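# Structure assessment
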Amino acid sequence: MAAALKLGFTPFTHRRGVLILFCTENLKFGPATRRIAAQLGDTLRRAAAAERFTGKTGSSLDVIAPSGIDVPRVVVIGTGKQTAPTSRDLIKLGGIAMGKVPKTAPAATIVAELGSGALKPDQVANLALGARLRAYSFDRYKTKRKEDDEQKPKTIDLNFACANPSAAAKAWKGRGAVAEGVVLARDLVNEPGNVLFPGEFARRASTLSKLGVVAEVLDVAAMRKLGMGALLGVGQGAGHESKLVVMRWNGGKRGVAPVAFIGKGVCFDSGGLSIKPAQNMEDMKGDMAGAACVVGLMHALAARRAKVNVVGAIGLVENMPDGKAQRPGDIVTTMSGQTIEIINTDAEGRLVLADVLHYVNKRFKPKFMINLATLTGAIIVALGQEFAGLFSNDDKLAERLSKAGEATGERVWRMPLTPEYDKMIDSKFADMKNTGGRSGGAITAAQLLARFVDKTPWAHLDIAGTGLGSPQSDTNKSWASGWGVQLLERLVEDHYER
Ligand code: BES
Ligand code: MN
Ligand code: ZN
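What counts as what
- Residues numbered from 1 in each chain as written.
- Chains lettered and ligands numbered in written order.
- Predicted model: local features only at pLDDT ≥ 70, side-chain atom pairs only at ≥ 80, totals over all residues.
- Heavy atoms only, no water.
- Helix = DSSP H or I, 4+ residues; strand = E, 2+ residues; numbered from the N terminus.
- Rg over C-alpha atoms; globule rule 2.2 N^0.38 Å.
- Buried < 20%, exposed > 50% of the residue type's maximum accessible area, 1.4 Å probe, protein only.
- Near = heavy atom within 4 Å.
- Polar contact = N/O pair within 3.5 Å; in protein donor to acceptor, adjacent residues only side chain to side chain.
- Areas by Shrake-Rupley, 256 points an atom, 1.4 Å probe, with all protein chains shown as cover.
- Nonpolar A, V, L, I, M, F, W, Y, C, P; charged D, E, K, R; others polar.
- Axes fitted to C-alpha atoms, helices over the stretch in contact; angles between N-to-C directions.
- Left-handed = near helix turned anticlockwise from the far one by under 90°.
- Contact = heavy atoms within 4.5 Å.

Moving on to the overall build of the chain. Each helix and strand counted, the chain has 14 helices and 19 strands in total. Taking 498 residues into account, the globule formula puts the C-alpha radius of gyration at 23 Å, and the chain, at 24 Å, falls close to it. Each of the three principal axes of the chain carries a C-alpha extent, and together these read 80 × 50 × 40 Å. Residues classed as buried in the chain amount to 56% of the 498 residues present.

The following block contains the structure:
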């Protein structure tokens, strides 16, 4: 079991538990940190010399505290050459600091000061965000306690010693809401498919009503009435019924057009009749990471009472082979009226999104739409797991997403979207086919989506690489990353709130 984190903000005079300090190169401390270090006599200087620790980025020094100071252990984390830290640096640093707290420690104090001096309240909150995300683990289904678990505390008392604790605590209200949103998204992605099927996912999304989010759940009959033949075709071979959840947070002015986020929510993607190989198929329980991000984002925005009108919509299906399952060669009619020939039933995410994008655009006339989807293996081939693929019909929106990506560390790389690729998805029998072959696989998928958004500014984020099975980072040790919640919360805060 992971310990619960009790997070607080205290003055620089506070010290309880493991003490964590930052220094820049040549062992340079900020003024408050220097006063604390002075209480350790020459311990740090001697330990640093013995370990050849100079404060380079990525290095750290771990010492048992000498008698005379009431902490068990002091860890110094190097931050390298002094530069003004970005929010991304601070989130990462918070994660690194949390990683230095021993699993058995019941308390730790992180001194929120870099070599250059004290951090501003929002910078302290970013440190705390990184620490909170690093502390996450998904162990709901671990029933056996390991032997060393006996030593682990039930809660960790984690304090950030800083110049203005009450202002930092206030800033944390906003960042804490984002942390909760990321944690919610990770929990959803980590859940197995037998537990988190469309109906259960819809139920969990509906619990956002406790924060003032209005949630509607459309069932198969309602979607049939709307003519969502593409979404329904994907789910028709599944034992679990498809659902569409529409969430609304109206924190902005009445009557102002909303911004909209749409998520692919394939609760399990077996490939359908075009079945996937057994190897790694278990990862396809995470094929709803786009939808999980939308729910996490709605949570974050509602919990921090964002002054903006937002729509979140998630198409929830299970893609299974069965006697009733969709066949290659089938032709489906989308809600927009356009028809799609199914070549490969494993190219299902675009079918779900085609209907949800059209529905949201028509019903809400949003300022912009952004969809997130674990859409293609091809985007992993192109970009690996560091950047998500960004496809957009709007340069300004693309630019804003790139900036928000740099600020949060959830980075995006723009890919082409241009009519020349369209002929690759021409069909012999219908308006288009659902795959365009191996080459440019992430692009042809995006070209198909573009046909369902009209002129509305729109961006598609292909998060197949970043959303799951992500390489362990300083702010995540879990399989699911919760990718996109921080990015989109930042985009909304910087550009669309008033
Ligand atoms: N859900 C997969 C894409 C995926 C792959 C997500 C790996 C996460 C990790 C998607 O539905 C899919 O199967 N795409 C196919 C499309 C192909 C049949 C045109 C792919 O990428 O192979
Ligand atoms: Mn698939
Ligand atoms: Zn899929």
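Moving on, we come to the site of ligand 1. The environment of ligand 1 is made up of 16 residues, and the closest members are K276, D287, D346, E348 and G377. Between an oxygen atom of ligand 1 and a side-chain N or O atom of E348, the distance comes to 2.8 Å. In isolation ligand 1 offers 520 Å² of accessible surface; the protein chains occlude 78% of this area. Of all the secondary-structure elements, those providing two or more residues to the shell around ligand 1 are β11 (259-269) and α11 (377-383). Among the residues making up the shell around ligand 1, the classes are represented as four nonpolar, five polar and seven charged.

Let's shift gears to the packing of helix α5 (residues 165-190) against helix α14 (residues 485-495). For the pair α5 and α14, the least separation of the axes is 9 Å and the interaxial angle reads 140°. Crossing of α5 against α14: the hand is right-handed. Counting all contacts with α5, which are made through R175, V178, G181, V182 and A185, the residues of α14 involved are V485, Q486, E489 and E493. Of the residues in the contact of α5 with α14, the class split is four nonpolar, two polar and three charged.

These values are about where atoms sit, not about what they do.
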